[in-house]
Structures are given as structure tokens and as C-alpha cells.
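# Chain and residue survey
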Amino acid sequence: MPKVDTPGVAKLLREYAQRTALRGGNPYRSKAYSRAADSLAALPVALDRLIAEDRLTEIPGIGDAIADIITKLYRTGTHPSLEKLRKEIPAGVLELLTVPGLRPDKVLRLYKDLGIASLAELEAAAKDDRIKKAKGLGGALQTKILQNLAITKSGEARLHLHRAAALMEHAKHTLEKAQPDLRRITIAGDFRRGCELVADLALVAEAPSLDGGPAVLDSSGLKVYLTDRKHFGATLLHATGSAAHLEGLRALAKRKGMRLDLGGLHDGRKLVAAAEEDIYRALGLPFIEPELREGQGEIDRALKGELPKLVTDTDLRGILHCHTDASDGAETLESMALATRERGFQYFGVADHSKSAHYAGGLSLEEIEQQQREADRLNKSFGKGFRIFKGIESDILADGSLDYPAEILASFDFVVASVHSRFKMDRKSQTDRILRAISNPYTTILGHMTGRQLLRRPGYDIDVETVLRTCAKHEVAVEINAHPWRLDLDWRWHQAALDFGCMMSINPDAHSIRELDHMHWGVEMARKGGVPAGRVLNALSLPDMAHYFERKRRRLARAA
């Protein structure tokens, strides 16, 4: 039979991953197959070339065993193990694995006990209350399925930012190696715009010569835009998007008697296309940062000179909201602090879980005292150039109160108040719960406001506008949780937060040293939301942050 193309092999490998997950056993095996399939989908060079040159193992996540599977899939269109797995489960059952929170064991039970073999049948069964009545399934699972089917329908083929970053960097490296004559290979698409989920994987590259002008190579997973020096800016502009932003630019060009298309900006016989900056300038606009290009009024603001100077990674002076092995983190307080200092930051804010978070090793009063003594000891060794700030991530309890009595909360430099339970409270009750926590004088930062987990669960239902207004009133910073599964508060609410007078706090919610680097994704979200450095709490220098906390401490003391 004819050999299978790269998208076809990626699809077969993904099927292999799903069927392996349903078979049971080691869950990491199916995850490895799935990640390898993602890598294949973003491959910028021909798969047959890598196979012929025995270079498959250069692809991230592909070792010898997976390379053998890929080779057989490519050459034959199948694999003996895949054929064996196909006899066990109908193809439609695989669709159920795309529903967030629906584990393989539950999928098997839905199929074997209720005969559900497609998403349509799953939705019908949930609406008919059949899942609620089934032993081992129940009402909670049924509610979750109905809730998360919407995520499945809207999130198809989208990647979390950190996963997209790994794929795009490898694609860029592979293209550089395969075609060394290409220059200025640049990541474009959704990723360049800082979208919280990435569907449009795209690279732009300058070729030394092109027959017939710019071209697009589409592997069905990754688009490579080949252009020349003369048209590089126009190609990058269009490959970045968004469609709404480009439509706005075209409308502006038309009003000015010009024309913008894939080839560039046409002004009579003059062509402006070499650089994005030149195109914006010719339209009478300052350069609009990629993160702002969503067709949400950024062109009008640019015309009025009202675009903000966006926060950057280098604006941040410290890290807040991090966990250690005292609760559910992987590293000691000292290790996390040292790693933070090595990254050039001036302070580290520890915020382990509070006592109600039993599942996460929430801190007892004795453990709090131990950690604070350790922080004091380490701070003496650090000197004046670096400091550990003593904090806690306090659970917001069902009634809106915080963990620990006032005298314990007063011992912290800062308190991150977060919801970790009772997500299904009605809108008013959930909102009132959070408002009470915000009004607590010890609350410094409201953590991951909506509790969403991208492609996994929606946020709980709250009145976001009222919450933001209350944060501004009580001078409680709004967290931009930088964990790529959260990225909460959603960037679409950032402008409202700024308008109400809120400060933002970009926090990694790091549970390991590696996760400290999640800060970058929080910066991306802040930029996308139009946040300047002056409105970011942890853009304050060490002396200013220490003064900020001390001022709040004195205010609390006077109130007491």
C-alpha cells in the first residue's frame, strides 16, 4: 500500500495512544504516544526524510520504541498491536476520551454498561439521566460530563501554551537544520499573539529566492510561510493575525486610499511590506504589539495614542505565590529561594497551602512557626539583596472566612486567598463568599479568581465585575496565575480590572523549581490584557515591596 503522510501517521499514533489508555496498565505509555503524535503534527520537514536518515529520535519524546512504531505506521498504514486493539473497542468510543475529566476506566464503564459509543450518545445519556442511575458512575460524573462537553466542542486541537512552545521551538530548530539557507525563522500564529490556547501553529521564514512569490507549506498541523526579504513584514503580519485585527487594518487602509493584502500595503505604486513596523507607520499607527491584535479596539486606541506600554519579563522584580515541600511542593524553601535568586529576582514569596487543604498537606500552626523561623534564618544569610517574604495561600472557606485566626494571619507578610472547594455553589453564594474573603483585612492577593483549568474544567460561576470592584475598594491585588493550565484571571477581564483601579500580581503558583519559569506565561497574559508594569504588584523593587507589606501591617495594627 502507499506510504502514509505525516498527518496520517500522527493521527494513527494518536489512535494508538487512546486505545492503549483504554487497555489500562502504565498510563505514561499512552501519554508518551500522545505527545509523540503532537510532535509529528508540528513537524516542518518530510517524515520520510527523517526515517531514511534514521533521525526520528531527534524529535522530542520519541525514543527507539516509538520510532519503530512510527516507521511501521508510515510504511504500512497500521501496526499489529494497533490492529489487535481495534478489535476490542469501536472507534466511536475514542471520542469519549476527549471530554475533560473523563478517565479511561469511566469511558470503558460507559461503553460496557450503557453501550455508549460516541459523543452524541454520551450527551443524550447524560440529558436522559441514564448516567446518574448507573452503578459506579453517578450524578456527579453526569453533571461533569454535561459541563465539560462544551469544552470538548470548543477546544478541539488546541494546545496549552507551554506545550505549544516546546513544539514550536523544536519545529524551528528542525527547519533551521533541514534548510540552513532559510533566515529569520520566526514563530507566528496564535502563539505569537499570546493566546491562552494555541490552535494555529505557524512559522515564517525568509528564503534566499522564491519562484512565484511567498508560499505556504501546510502539514495540516504546522504552516510554514516562506517569503523573501521584500515581503517578510507583510507575511509575518498575516501569519500572526488575528483575522479581526487584519480586517481592521484593511478597513483603515481603504479609508486612507491604500490597499492591504498578503503582498503588503499598496500606496499607489509604492509597496510597503519589508517590516511590520513600516506597515503600521504607513497607516499612521504606532507598532501594535502582537498580543493586542485581537480586533478589540486596539486600532482605535493606537490612532488616539492610547496604547499602553506593556509589562515585560524584565519588569518583574520578585515572585509571589509559590509552594514548597512543607505542603504539596517538591522542593525545600531554601532550594526554591535560591533558584529564584539565580533567576535574577530580588524576593521570593512562599505561600504554602493552609490547614483546610488536607489533600495538599496544608500547614499546621506548628509547621507555620517552623517555616517562618527557617525564612528568618535564610534571610539573615541572604543579606540585603534578596529576601523571602512569608506568606500563605489561605483557603477561602464556604462562608468566605479564611483559614486561621487573625493573630496567625497577622504573622504573614502577605496572604493569597483562594477557593479550592465547593466549586458548584450558585452564582450569588459563590460571589458573596469571595467578597467576604476580599474584605478580610489580611487578604493581600485574590488567587486564581475563577478556578478554571484550561481544557479541563470551566471556572465557577461568579460576578467577576463585582469581585474586581471589591478588590479595588479593599486594595487587594488580582492574581494573574501563570500556571499554563490556569492563566486566571482571563486576559479579557484585565482592562476592566485596570479601569476599576486594581493592581495585578503575576504569580507562577510554582510547586517546583522548573515551574518558577511559568512566570513568562503570566507576563504573556498580562500583555494580552493590556497591563503595564506600573499596575503589577511584583514589579515593585525589594525595598518598595517590603514597604508595601509593612504599610499594610501598620494599618492592620492601628485598626486592631
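Structure first, text after, so check above.
Description of the structure in this document. Bear in mind that the values here come from a model prediction, so they are computed numbers and not experimental data.

## Overview of the sheet that holds strand β2 (residues 183-187)
Spatially, β2-β4-β6-β5 is the arrangement adopted by the 4 strands of the open sheet, whose pairing is mixed. Only two strands of the sheet have a single partner each, and these edge strands are β2 and β5 (215-218). Averaged over all neighbouring strand pairs, the angle between strand axes comes to 20 degrees, with direction disregarded. Here β2 pairs with strand β4 (residues 201-206) via 3 bridges, running antiparallel. Bridge pairing links I187 to L203 in β4. Strand contacts of helix α12 (residues 232-240): β2, β4 and β6 (222-227), with the helix running at about 180 degrees to β4, the strand carrying the most contacts.

## A word on the environment of R301
You can see R301 is positioned in helix α15 (residues 298-303). As for R301 and C471, which are separated by 170 residues in sequence, their C-alpha atoms are 26 Å apart. Those residues in contact with R301 that sit more than four places away from it in its chain are Q296, E306 and L307. Looking at R301, its side chain comes within polar contact range of the main-chain oxygen of Q296, at 3.3 Å.

## Here's the deal with the pairing of strand β12 (residues 387-395)
The element β12 is extensively covered by neighbouring structure, given that 8 of its 9 residues are classed as buried. Pairing of strand β11 (residues 347-353) with β12 involves 7 bridges; the strand directions are parallel. Residue pairing for β12: Y347 is matched across the bridge by R387. In this fold, β11 hands off to helix α17 (residues 365-382), which returns the chain to β12; that crossover is right-handed. Where β12 meets strand β13 (residues 414-418), 5 bridges bridge the pair, whose relative direction is parallel.

## So, the sheet that holds strand β9 (residues 270-272)
In sheet architecture, strand pairing relies on hydrogen bonds along the backbone and comes in two forms, parallel and antiparallel. In space, the 3 strands of this open sheet follow the order β7-β8-β9, with antiparallel pairing throughout. Across the chains shown, the open sheet's two edge strands, defined by having one partner strand only, are β7 (259-261) and β9. Ignoring strand direction, the axes of neighbouring strands in this sheet form an average angle of 25 degrees.

## Some words on the environment of E367
In this fold, E367 is placed in helix α17. Residue classification places E367 among the partly exposed residues on the basis of a relative accessible area of 33%. Separated by 41 residues in sequence, E367 and A326 have C-alpha atoms that sit 7.7 Å apart.

## Focus on the pattern of salt bridges
This structure, assessed with the given rule, holds 41 salt bridges. In this structure, the salt-bridge partner of R163 is D38, at a minimum N-O distance of 3.8 Å. Residue R163 is found in helix α10 (residues 161-178), and its partner D38 is found in helix α2 (residues 27-41); the two are separated by 125 residues along the sequence. Ionic contacts of the salt-bridge type, sharing partners, join the residues R49, E53, R55, E58 and K177 into one network.

## Describing the pairing of β13
Across the 5 residues that make up β13, a large majority, 5, are buried. Alternating residues of β13 divide into F414, V416 and S418 and V415 and A417, and every residue in both groups is buried. Both β13 and strand β14 (residues 445-446) contribute to a ladder of 2 bridges, which runs parallel. Within β14, the position partnered with A417 by the bridge is L446. For the handedness criterion, the β-α-β arrangement of β13, helix α19 (residues 427-439) and β14 is classed as right-handed.

## Quick look at unusual backbone geometry
In this structure, S242 follows G241 across a cis peptide bond, with omega equal to -5 degrees. Note on placement: S242 falls in the loop between α12 and α13 (243-255). Backbone geometry at H321 places phi at a positive 60 degrees, although glycine is not the residue there. Within the fold, H321 resides in strand β10 (residues 318-322). For H321, a relative accessible area of 0% puts it in the buried group. At L455, a residue that is not glycine, the phi angle is positive and equals roughly 65 degrees. Structurally, L455 can be placed in the loop between β14 and α20 (464-473).

The rules behind each value
Residues numbered from 1 in each chain as written. Predicted model: local features only at pLDDT ≥ 70, side-chain atom pairs only at ≥ 80, totals over all residues. Heavy atoms only, no water. Pairing = 2+ DSSP bridges. Helix = DSSP H or I, 4+ residues; strand = E, 2+ residues; numbered from the N terminus. Axes fitted to C-alpha atoms, helices over the stretch in contact; angles between N-to-C directions. Contact = heavy atoms within 4.5 Å. Polar contact = N/O pair within 3.5 Å; in protein donor to acceptor, adjacent residues only side chain to side chain. Buried < 20%, exposed > 50% of the residue type's maximum accessible area, 1.4 Å probe, protein only. Right-handed = clockwise from strand over helix to strand, strands pointing away. Salt bridge = Lys/Arg side-chain N within 4 Å of Asp/Glu carboxyl O.

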